[in-house]
Amino acid sequence: MLVGITGNIGSGKSTVSNILKSLGYPVFNADIIGKKVLLKGRRGYKAVVKEFGTEILKEDGEIDTKKLASMVFSDKKSLDKLTSITHPLILEEISFIKRIYTDSIVFVEAAVLFEYGWQELFDFVVLVFAYKGQRFLRASRRFDLKEVIRRESFQLPYGKKLEYSDFLICNTENVLHLKEQVLNLVHYLEELET
Ligand SMILES: CC(C)(COP(=O)(O)OP(=O)(O)OC[C@H]1O[C@@H](n2cnc3c(N)ncnc32)[C@H](O)[C@@H]1O)[C@@H](O)C(=O)NCCC(=O)NCCS
Ligand SMILES: Nc1ncnc2c1ncn2[C@@H]1O[C@H](COP(=O)(O)OP(=O)(O)OP(=O)(O)O)[C@@H](O)[C@H]1O
């Protein structure tokens, strides 16, 4: 059973993933896959350098994801160019994961899932919710607020995402409250699986 975990920036997807991992479940991360395919020698590297130029390279020849981020999150066309290269490769890997884990539950965390119509690939999608203020505050630990706002502007609003989701997890309280919901979710999924 392939289960997607999604939610807007700073909602707590990785925290949910970590809880699932601590319970022993296999959890993959589409953001990480998306960056792996950009490593030197991997299939996205040449195409992205050709598209964005050698100015996105660091001294060691690897792609500087910070520079790339500043280009793509300030211009929708650039973001579309990047995703047209990396998304087919990410989807290939998710399909592979789906084929490998046929008789157990496997989770894939994907920040942007409904935005690109990936829901068809999953048996169920879990949406992690937190209020905008909470998300922005939490995400500012990793990115500055301007960057958080820019990235959020490329994400669908929760109202739309709720329509497409199978389960909702509310990360509006403390992590213990989040863990209780994750436990209820896996209990339900395990019952479906048997
Ligand atoms: C530009 C890149 C290299 C920047 O890497 P960086 O380490 O700064 O960010 P990371 O990938 O870890 O994403 C962090 C957060 O940014 C937001 N974000 C990332 N990609 C997107 C996107 N295409 N649309 C909207 N928000 C996005 C999400 O909230 C995500 O959780 C990277 O984000 C990227 O390659 N994005 C395009 C590919 C993609 O869509 N990846 C996400 C697959 S789920
Ligand atoms: N319930 C909570 N209470 C307080 N802090 C939290 C809570 N849930 C998550 N956090 C913290 O908020 C930050 C963002 O959480 P997390 O990384 O899980 O979100 P995310 O959705 O994966 O973020 P991103 O969109 O940047 O990938 C982290 O520092 C995390 O420890």
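Residues numbered from 1 in each chain as written. Chains lettered and ligands numbered in written order. Predicted model: local features only at pLDDT ≥ 70, side-chain atom pairs only at ≥ 80, totals over all residues. Heavy atoms only, no water.

As annotated in an unreviewed UniProt entry, the chain carries the name Dephospho-CoA kinase and comes from Desulfurobacterium thermolithotrophum. The chain has a UniProt comment under Subcellular location (unreviewed entry) that states "Cytoplasm". A UniProt comment under Function (unreviewed entry) is attached to the chain, and it reads "Catalyzes the phosphorylation of the 3'-hydroxyl group of dephosphocoenzyme A to form coenzyme A." (UniProt positions renumbered as here; feature names shortened; annotations may be inferred.)

**A short note on the site of ligand 2**
Around ligand 2, the structure places 15 residues, and the nearest of them are Lys13, Ser14, Thr15, Asn171 and Glu173. Between an oxygen atom of ligand 2 and a side-chain N or O atom of Ser14, the distance comes to 2.8 Å. Thr15 has a polar side-chain atom sitting 2.6 Å from an oxygen atom of ligand 2. When ligand 2 sits alone it has 630 Å² of accessible area, and the protein chains cover 77% of it. With respect to the detected pockets, ligand 2 is housed in the largest pocket. Top contributing element to the shell around ligand 2 by residue count: helix H1 (residues 13–22), with three residues. A class-by-class count of the residues in the shell around ligand 2 yields two nonpolar, seven polar and six charged. (Near = heavy atom within 4 Å. Polar contact = N/O pair within 3.5 Å; in protein donor to acceptor, adjacent residues only side chain to side chain. Areas by Shrake-Rupley, 256 points an atom, 1.4 Å probe, with all protein chains shown as cover. 1 Å grid on protein atoms, 1.4 Å probe; cavity = no way out; pocket = protein on both sides within 12 Å on 5 of 7 lines; lining within 4 Å. Sits in = over half its atoms within 2 Å of the grid points. Helix = DSSP H or I, 4+ residues; strand = E, 2+ residues; numbered from the N terminus. Nonpolar A, V, L, I, M, F, W, Y, C, P; charged D, E, K, R; others polar.)

**Focus on the sheet that holds strand E3 (residues 106–109)**
An order of E2-E3-E1-E4-E5 is seen for the five strands of this open sheet, with the pairing classed as parallel. Each edge of the open sheet is held by one strand with a lone partner, namely strand E2 (27–29) and strand E5 (167–170). Across the sheet, the mean angle from the axis of one strand to that of its neighbour is 25°, orientation sign disregarded. Across three bridges, the pairing between E2 and E3 is parallel. Opposite Phe28, over in E3, you have Val108 as the bridge partner. The sheet strands contacting H1 are strand E1 (2–6), E2, E3 and strand E4 (124–129), and the helix crosses E1 at an angle near 145°. (Pairing = 2+ DSSP bridges. Axes fitted to C-alpha atoms, helices over the stretch in contact; angles between N-to-C directions. Contact = heavy atoms within 4.5 Å.)

**A closer look at the pairing of E1**
Of all five residues in E1, five are buried; the element is thus mostly enclosed. Side chains Leu2, Gly4 and Thr6 of E1 all project onto a buried face; the interleaved residues Val3 and Ile5 project onto the opposite face, where all are buried too. Bridge count between E1 and E3: four bridges; the pairing is parallel. Paired with Val3 across the strands is Phe107, a residue of E3. Note: E1 against E4, four bridges, orientation parallel. Looking across to E4, one finds that Gly4 is bridged to Val125. (Buried < 20%, exposed > 50% of the residue type's maximum accessible area, 1.4 Å probe, protein only.)

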